Amino acid sequence: MKSLKVPVLHELDGISLSGAAALMETRALRQSIDEVNWSEYPYRPVAVFDIARGGKDLYIHYFVRGMSLRALSDEDGTYVHPDSCVEFFMRRKDELFYTNFEFNCIGTCLAARGSNRNGRTPFTSSEYRKIRRYTTVDREAFAEKTGIHEWEITVAIPFELMGLDANSLPDCIRGNFYKCADLTANPHYVTWSPIDLPSPDYHCPEHFGEICF
C-alpha cells in the first residue's frame, strides 16, 4: 500500500489557484500516477500531482502529458471519465462510505458519496460551487483532439466536503489518485496506488493508499 504525507502551506489560502499552482511547483509533495494495472490497457501518459493543504482546503495540482485531448462534458454532475480526466477518491478510515472527485481537462466535476459504485449520492449544486478549479485548457466543451497535448488542473476541495473537520483532521485517511480517458483513441486507466483486480475498477476502497496529515 502506498502512502504520502500532505504538507501544510498556509500561504495557499490567500492566493489565486493559478498562484497556488506556481507555489506548489516547489513547495508541495509531488507524486506520480503511473501504475498500469491491466495489461489490455498498456498506455501510460505522463501524469503527476502536487498535493498540499491550507487551513480549510486540500489542494491538488495535476499535470498531464499524453495522446489525445477530449472534453465533451461541460456541466457538473455529468460523467467525465470518458474525457481526459483525473480523479481523487477518499474515505475516512472508520467509514464504509467514500467520496469520488473526478475532473475533466476543462474543470467539469463529478462528485458523489456512497459505500460502492451503485446508488451513490451526488453532490448538490451548492457543494459543487465550493470546489474551486483552475485549468490551463479553455473551459468550453470540444471533441477529441489528436496528437500530444499537455494540460494542468488545480483544485481546492474543502475538507468539509470530504466529511472532515479542518480544525481536527485525522492522522490519516485512505484514498487513491487516477488518470483515465475511457472514450479516447488511447484509453487508459492508471493509478497512484496499485489495484489488484481483473478489470479496471476505481471504486475499490480496499485498494486505497494512505494519505496522512
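Our structure's up above, just so we're on the same page.
Residues numbered from 1 in each chain as written. Predicted model: local features only at pLDDT ≥ 70, side-chain atom pairs only at ≥ 80, totals over all residues. Heavy atoms only, no water.

**Considerations on the overall build of the protein chain**
Broken down by element type, the protein chain carries two helices and 14 strands. Over its C-alpha atoms the protein chain spans a radius of gyration of 16 Å, differing by no more than 12% from the 17 Å that the globule rule assigns to 213 residues. Along the first, second and third principal axes, the C-alpha set of the protein chain runs to 45 × 35 × 35 Å. Here the protein chain, with 213 residues, has 54% of them falling under the buried criterion. Across the protein chain, contacts joining residues at least 24 apart in sequence account for 65% of those joining residues at least 6 apart. Between the mean site of the 23 positive side-chain charges and the mean site of the 30 negative ones, the protein chain shows a separation of 3 Å. (Helix = DSSP H or I, 4+ residues; strand = E, 2+ residues; numbered from the N terminus. Rg over C-alpha atoms; globule rule 2.2 N^0.38 Å. Buried < 20%, exposed > 50% of the residue type's maximum accessible area, 1.4 Å probe, protein only. Contact = heavy atoms within 4.5 Å. Lys, Arg positive; Asp, Glu negative; His and termini not counted. Charge placed at Lys NZ, Arg CZ, Asp CG, Glu CD.)

**Some points on the pairing of strand S5 (residues 57-71)**
In terms of residue burial, S5 counts as a mostly covered element, since twelve of its 15 residues are buried. Where strand S4 (residues 46-53) meets S5, eight bridges bridge the pair, whose relative direction is antiparallel. Residue pairing in the sheet places aspartate 50 in a bridge with histidine 61 of S5. Where S4 hands over to S5, the hairpin turn is made up of three residues, counted between the paired strands. (Pairing = 2+ DSSP bridges.)

**Focus on the packing of aromatic side chains**
The description of two aromatic rings rests on the distance between their centres and on the angle between their planes. In the structure shown here, the tally under the stated rule is 15 aromatic pairs. Ring centres of phenylalanine 89 and tyrosine 98 lie 6.1 Å apart, and the angle between their planes is 20°; on these two criteria the pair is classed as stacked. Note on accessibility: phenylalanine 89 and tyrosine 98 belong to one class, buried. Here phenylalanine 89 and tyrosine 178 contribute two aromatic rings whose centre-to-centre distance is 5.0 Å and whose plane-to-plane angle is 75°, an arrangement assigned as edge-to-face. (Phe/Tyr/Trp six-rings, centres within 6.5 Å; stacked < 30°, edge-to-face > 60°.)

**Here we look at the environment of aspartate 165**
With respect to the secondary-structure elements, aspartate 165 resides in the loop between strand S11 (142-158) and strand S12 (172-180). Residue aspartate 165 is classed as partly exposed on the basis of its relative accessible area, which comes to 42%. A sequence separation of 109 residues divides aspartate 165 from lysine 56, and the C-alpha atoms of the two residues are 8.6 Å apart.

**Here's the deal with the side chain of glutamate 102**
Of note, glutamate 102 is situated in strand S7 (residues 98-104). Buried within the structure, glutamate 102 lacks any salt-bridge partner; arginine 120 is the closest side chain of opposite charge, at an N-O distance of 6.8 Å. At 3.0 Å, the side chain of glutamate 102 and the side chain of asparagine 100 are in polar contact. (Salt bridge = Lys/Arg side-chain N within 4 Å of Asp/Glu carboxyl O. Polar contact = N/O pair within 3.5 Å; in protein donor to acceptor, adjacent residues only side chain to side chain.)

**Details of the sheet that holds S11**
Pairing between the strands of a sheet comes from backbone hydrogen bonds, and it takes one of two forms, parallel or antiparallel. Spatially, the five strands line up as an open sheet ordered S2-S4-S5-S11-S10, and their pairing is antiparallel. Only two strands of the sheet have a single neighbouring strand rather than two, namely strand S2 (29-32) and strand S10 (132-135). Strand after strand, the sheet turns through a mean of 20° between neighbouring axes, direction not considered. Here S10 runs beside S11; their pairing, made up of four bridges, is antiparallel. Its bridge partner being in S11, threonine 135 is matched across the sheet by isoleucine 153. Sitting on the sheet, helix H1 (residues 17-27) is in contact with S2, S4, S5, S10 and S11, with an inclination near 95° to S5. (Axes fitted to C-alpha atoms, helices over the stretch in contact; angles between N-to-C directions.)

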